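Coordinates in review
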Amino acid sequence: MGGERQHYYGKHGTPQKYDPTFKGPIYHRGCTDVICCVFLLLAIVGYVAVGIIAWTHGDPRKVIYPTDSRGEFCGQKGTKNANKSYLFYFNIVKCASPLVLLEFQCPTPQICVEKCPNRFLTYLKAHGTQEFEYYKQFCVPGFKQNKGVAEVLRDGDCPAVLIPSKPLVQRCFPAIHAYKGVLMVGNETSYEDGHGSRKNITDLVEGAKKANGVLEARHLAMRIFEDYTVSWYWIVIGLVIAMVLSLLFIILLRFLAGIMVWVMIVMVILVLGYGIFHCYMEYSRLRGEAGSDISLVDLGFQTDLRVYLHLRQTWMAFMIILSILEAIIILLLIFLRKRILIAIALIKEASRAVGYVMCSMLYPLVTFLLLCLCIAYWASTAIFLSTSNEAVYKIFSDTDCQAVGKTCNPVNFSSSNESRLCPGAHCQFAFYGGESTYHRALLGLQIFNAFMFFWLANFVLALGQVTLAGAFASYYWALKKPDDLPAFPLFSAFGRALRWGPRYHTGSLAFGSLILAIVQIIRVILEYLDQRLKAAENKFAKFLMTCLKCCFWCLEKFIKFLNRNAYIMIAIYGTNFCTSARNAFFLLMRNIIRVAVLDKVTDFLFLLGKLLIVGSVGILAFFFFTHRIRIVQDTAPPLNYYWVPILTVIVGSYLIAHGFFSVYGMCVDTLFLCFLEDLERNDGSMERPYFMSPTLKRLLNKTNRKPAES
């Protein structure tokens, strides 16, 4: 930085004389919140330990492969079921039982098969015929034909009936379809149940009511995938266009911010003025018409709201309300005109800062990649934890029996007392669980996994905010812009935020993200409790839960606002989190009107920019993919659903615009806090010069005095 400077701020903002080795308020700093940094490191070590334990005990195959009644996986290579990829239910109707919701398993025998049945066939008809060889593949493994028909069906060795089925997520479901409004399986509307009676196809619907919907969803997914395969490069082109437009919009804000803001204000005033004029014209038109002079009180409440439009009093009320709004806006414009000009100048200055630190526009990619790592670790750990249970077998029976629901051992169940008490019962796989200390601690480990995800995700976001704030603060506190800027401001700010040594702020970032993570995990627990209390009739409990959820939602929003500004102060002065949060909060409260004006002006510009970018790219994608642009009509690919690439381009364009504007918004907020600090701590003398831009100096009638004047 330039050698003409005579004053900068020390660690706590105290004035000091010029020192050739001193580089300004964003450079001289020390360790902050070291204890929180240590806690974060210990928590990460514990998180890694939890992941190792989960990966040691977990088995994702329990999620990937279906499991038969013996707890064996279907279709897994290297096992006896390697060629049997599909799970077959002996009686799919029983899957409609409420027991499914309690045990997460159908109370019917299930086996792994090579293919699903493709015909109607009962055990009674197949027994003793050539078709029994086909039928036998749907019986339990190792079945021997040494029992009577009644014994086979009683012991659950074979299904009573086969129904034409289709594979769905590696499970055999009845091939139900509708023909002229009639439900059918194959070409039949009814089927034999294997016990000598016929049943309607509708009896199968409850057991497999979601099968058709999932089949249609799978078909839809395949067609959508086909659309992506032929249009992906055009989608990429659309997203590149959105990126170019976002960057162009930010650059143009340097020149057009003031015009857009004032045009918006004038348009609002004109729209309200036209509304007042229209209300007056309607009020005058209804003069003398029958029934138009009835008062609103005499008319009372009417379900048809159009009735009120025929009353003069209604239009008078509209006109008064619009007139009051018009007067308020004009008065605010008169008294806040200077603050609006300051907001516009800060937005223009932010555009210049982004132009000098162009690599900041790519930093959201770093945040995105780090968040992807956090999500991947959390998801994999959660899956391994949820699949680290042991197979639990329970007794199932169609008849009432005291032993139903008890745990059992399938190896010796046939010779157990429960088998003698319940002759028709069978021992089958129910779910994955366990009674060991580790299994009892699984819920706590899942909560810890979720908490660490929130902590690390918030830490990544905080790291991005501090890095960007440090880069843009170095721009503001450069007396001669851009000559006094460091060579790589973004990398320097990243190093100050994360580096271990005499100058780092990892602890402060850990502290702020910890507070936010605690609030977020409490909100998750409240949502879980709310789901559990939905069936309860206790109105006071529901009211209390609603109040708690609302309070913690507001608390989370406030902490996010406080953290954002605290991170900016950390980037500027290097103070600890609590000091930075307090200084930022009171600094904003002392300038609350400026904060409100700048916030609304930037919100409007960002909304306008997002609408402009998303709308332009979306309209272009619509005309392209619907073959309405004659020049490239033959270039557009044929699609099953043209809305698939269009929606993808629209959502992608919004995310890209949001990423660019998040950097720009951080720049505006950083420059705003620097500007407020500059006003309060400096007076324009050689010892304390103003660092603000010449435009802001002219607006505030501020100047840096020359040596003779000083």
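For the structure itself, consult the block above.
In what follows, the accompanying structure is described. (Residues numbered from 1 in each chain as written. Predicted model: local features only at pLDDT ≥ 70, side-chain atom pairs only at ≥ 80, totals over all residues. Heavy atoms only, no water.)

Looking at the element boundaries, Leu 555 is found in helix 18 (residues 539–573). Taking C-alpha positions, Leu 555 is 9.7 Å from Gln 520, a pair spaced 35 residues apart along the chain. (Helix = DSSP H or I, 4+ residues; strand = E, 2+ residues; numbered from the N terminus.)

Our focus in this paragraph is the environment of Glu 289. Note that Glu 289 resides in the loop between helix 8 (211–285) and helix 9 (296–299). Given a relative accessible area of 37%, Glu 289 falls into the partly exposed group. Distance in space between the C-alpha atoms of Glu 289 and Leu 311 is 9.4 Å, their sequence separation being 22 residues. (Buried < 20%, exposed > 50% of the residue type's maximum accessible area, 1.4 Å probe, protein only.)

On to the side chain of Lys 610. By the element assignment, Lys 610 lies in helix 20 (residues 592–625). Although Lys 610 lies buried, it forms no salt bridge, and the closest oppositely charged side chain, Asp 603, sits 8.2 Å away as judged by the N-O distance. Residue contacts for Lys 610: discarding those within four places in its chain leaves Gly 615, Tyr 654, Ala 657, His 658 and Phe 661. (Lys, Arg positive; Asp, Glu negative; His and termini not counted. Salt bridge = Lys/Arg side-chain N within 4 Å of Asp/Glu carboxyl O. Contact = heavy atoms within 4.5 Å.)

Here the idea is plain: a probe the size of a water molecule rolls over the atoms and shows the empty space left. Volume-wise, the largest pocket comes out at about 1800 Å³. Elements represented by at least two residues in the lining of the largest pocket include exactly helix 8, helix 12 (363–386), helix 15 (442–476), helix 17 (506–533), helix 18, helix 20 and helix 21 (643–681). For the lining of the largest pocket, the leading source of residues is helix 21, giving 15 residues. Residue classes in the lining of the largest pocket are distributed as 28 nonpolar, 15 polar and seven charged. (1 Å grid on protein atoms, 1.4 Å probe; cavity = no way out; pocket = protein on both sides within 12 Å on 5 of 7 lines; lining within 4 Å. Points joined across faces, edges and corners; volume = space filled by probe spheres on them. Nonpolar A, V, L, I, M, F, W, Y, C, P; charged D, E, K, R; others polar.)

Glancing now at the state of the cysteines. Applying the stated criterion across every chain, the model contains three disulfides. Note that Cys 74 is cross-linked by a disulfide to Cys 112, the S-S spacing being 1.9 Å. With the S-S bond torsion at -75 degrees, the cross-link from Cys 74 to Cys 112 turns out left-handed. With Cys 74 in the loop between helix 2 (61–64) and strand 3 (86–89) and Cys 112 in strand 4 (residues 110–113), the pair connects residues that are 38 residues apart, well separated along the chain. The exposure class of Cys 112 is buried, given its relative accessible area of 6%. Linked covalently through their sulfurs, Cys 139 and Cys 158 form a disulfide whose S-S length is 1.9 Å. Measuring handedness by torsion sign, the sulfur bridge of Cys 139 and Cys 158 sits at about 110 degrees and is right-handed. (Disulfide = S-S within 2.5 Å.)

Okay, the nonpolar core next. Taken as a class, soluble globular proteins show a tendency for nonpolar side chains to be buried jointly. Core analysis: the biggest nonpolar cluster contains 108 residues, and Trp 455, Tyr 664 and Phe 675 have the highest contact counts within it. Once you skip the residues sitting within four places of it in the chain, Phe 675 turns out to touch Ile 342, Leu 346, Tyr 476, Met 692, Leu 696 and Leu 700. Core analysis: the second largest hydrophobic core is formed by 19 residues, Phe 88, Phe 90, Tyr 134 and Val 140 among them. (Core = buried A, V, L, I, M, F, W, Y, C linked by side-chain atoms within 4.5 Å.)

Further remarks concern helix 12. Across its 24 residues, helix 12 extends 35 Å between first and last C-alpha, which sits within 8% of the 34 Å expected from 1.5 Å per residue. Elements in contact with the buried residues of helix 12: helix 1 (34–57), helix 14 (437–440), helix 15 and helix 16 (489–498). (Expected span 1.5 Å × (residues − 1).)

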